[in-house]
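Here are the chains, one letter per residue:
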Amino acid sequence: QPGADQWVPPHAAVDDLRRAAEDCRGCELWRDATQVVFSRGPAGAAIMLVGEQPGDREDLEGEPFIGPAGQILVEAITAADLAEDDVYMTNAVKHFRFERRGKRRIHDKPAVGHIVACHPWLEAEVAAVTPEVLVALGATAARSVLGRTVKIGEVRGRVLEPPAGFASPVVVTAHPSSILRVRDSADRESAFNALVEDLRLAADLIA
Ligand code: URA
Ligand code: SF4
């Protein structure tokens, strides 16, 4: 796996990165995906949210966080008294990884090799956006941002030191799709509230 490096233009603004990412062949995920899904939100945002990878809807429409998990995330952003314009949203991996079952496409989580291959895009985004805080949504995002594997339950709800190569502190929280999987409605509500609390923690760090 060559990784994305050779496709990432140096010192580029977000719009140039987005355009360049269409040509990325840094891992094999581009082959089966419909298109690259880059980011959403203002390049001047103080908070950068990092998700896992685009889902089925995102892959078809080319926009991150527009499916069910994205809806939960936007609700949580609002509940944390943030505006959508306060956040730049992106993913650790920019192409949808899935398994075909008949006509259905089933989400398949990215392997560490995909996370590593796609990391140069995230680095370039952080350099372009210079967020005051990075929020990693779930284990894949945390792996990419921190460069090591962590358990969400062990690191969430704290402000972590800037990892190697980044200048911003990090807050790790659960992925919004994990909330969708909670069956019991009271448990789902507390999972949602925990996400909101973590977003507030990040919001408190911005000037
Ligand atoms: N949609 C995204 O764009 N990213 C995720 O991590 C999940 C859903
Ligand atoms: Fe490039 Fe990332 Fe897509 Fe792989 S997933 S082809 S590294 S943009």
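Computed from a prediction, not measured in an experiment: that's the story for all the values here. (Residues numbered from 1 in each chain as written. Chains lettered and ligands numbered in written order. Predicted model: local features only at pLDDT ≥ 70, side-chain atom pairs only at ≥ 80, totals over all residues.)

A. Region of the structure containing helix α8 (residues 185-203). The terminal C-alpha atoms of α8, which comprises 19 residues, lie 27 Å apart, in line with the 27 Å expected from a rise of 1.5 Å per residue. Burial in α8 covers these residues: L195, D198, L199 and A202. Down the axis of α8, the sector holding all buried residues measures 100°, keeping them to one side. For α8, exposure combined with an orientation more than 90 degrees from the buried face picks out A186, E189 and S190. Residues of α8 that are buried sit in contact with β1 (47-51), α3 (68-79), β5 (133-137), β7 (170-173) and α7 (176-180). (Helix = DSSP H or I, 4+ residues; strand = E, 2+ residues; numbered from the N terminus. Expected span 1.5 Å × (residues − 1). Buried ≥ 20, exposed ≤ 12 C-beta atoms within 10 Å, placed from the backbone. Arc of directions from axis to C-beta. Contact = placed C-beta atoms within 7 Å.)

B. Just the site of ligand 1, in detail. Residues in close proximity to ligand 1 total 13 residues, the closest being G51, E52, G55, P64 and A69. Of the residues assigned to the shell around ligand 1, the class counts are 4 nonpolar, 7 polar and 2 charged. (Near = placed C-beta within 6 Å. Nonpolar A, V, L, I, M, F, W, Y, C, P; charged D, E, K, R; others polar.)

C. Seen up close, the packing of α3 against α8. In the contact formed by α3 and α8, the axes pass within 9 Å of each other and the chain directions differ by 55°. Of the possible angle classes, the one that applies to α3 and α8 is oblique. In this structure, α3 meets α8 at a crossing whose hand is right-handed. Counting all contacts with α3, which are made through A76, I77 and A79, the residues of α8 involved are F192, L195, V196 and L199. Its residues assigned to classes, the contact of α3 with α8 comprises 7 nonpolar, no polar and no charged. (Axes fitted to C-alpha atoms, helices over the stretch in contact; angles between N-to-C directions. Parallel < 35°, antiparallel > 145°, perpendicular 65-115°, else oblique. Left-handed = near helix turned anticlockwise from the far one by under 90°.)

D. Looking closely at the confidence of the model for the protein chain. Overall, the predicted model of the protein chain reaches an average pLDDT of 97, with 100% of residues at or above 70. Under the prediction, the complex receives an ipTM of 0.96, its pTM being 0.97. (pLDDT = per-residue confidence, 0-100.)

E. Just the site of ligand 2, in detail. Residues in close proximity to ligand 2 total 16 residues, the closest being C24, G26, C27, H95 and C118. Tallying contributions element by element places helix α4 (residues 112-129) first for the shell around ligand 2, with 4 residues. The residue makeup of the shell around ligand 2, split by class, is 11 nonpolar, 3 polar and 2 charged.

F. Structural context of the packing of α4 against helix α5 (residues 138-146). Running from amino to carboxyl end, α4 crosses α5 at an angle of 60°, the nearest separation of the two axes being 9 Å. By the angle between their directions, the pair α4 and α5 is classed as oblique. Classified by chirality, the crossing of α5 by α4 is right-handed. Here α4 contributes V112, I115, H119 and L122 to the contact with α5, which in turn contributes T140, R143 and S144. Grouping the amino acids of the contact of α4 with α5 by side-chain chemistry returns 3 nonpolar, 3 polar and 1 charged.

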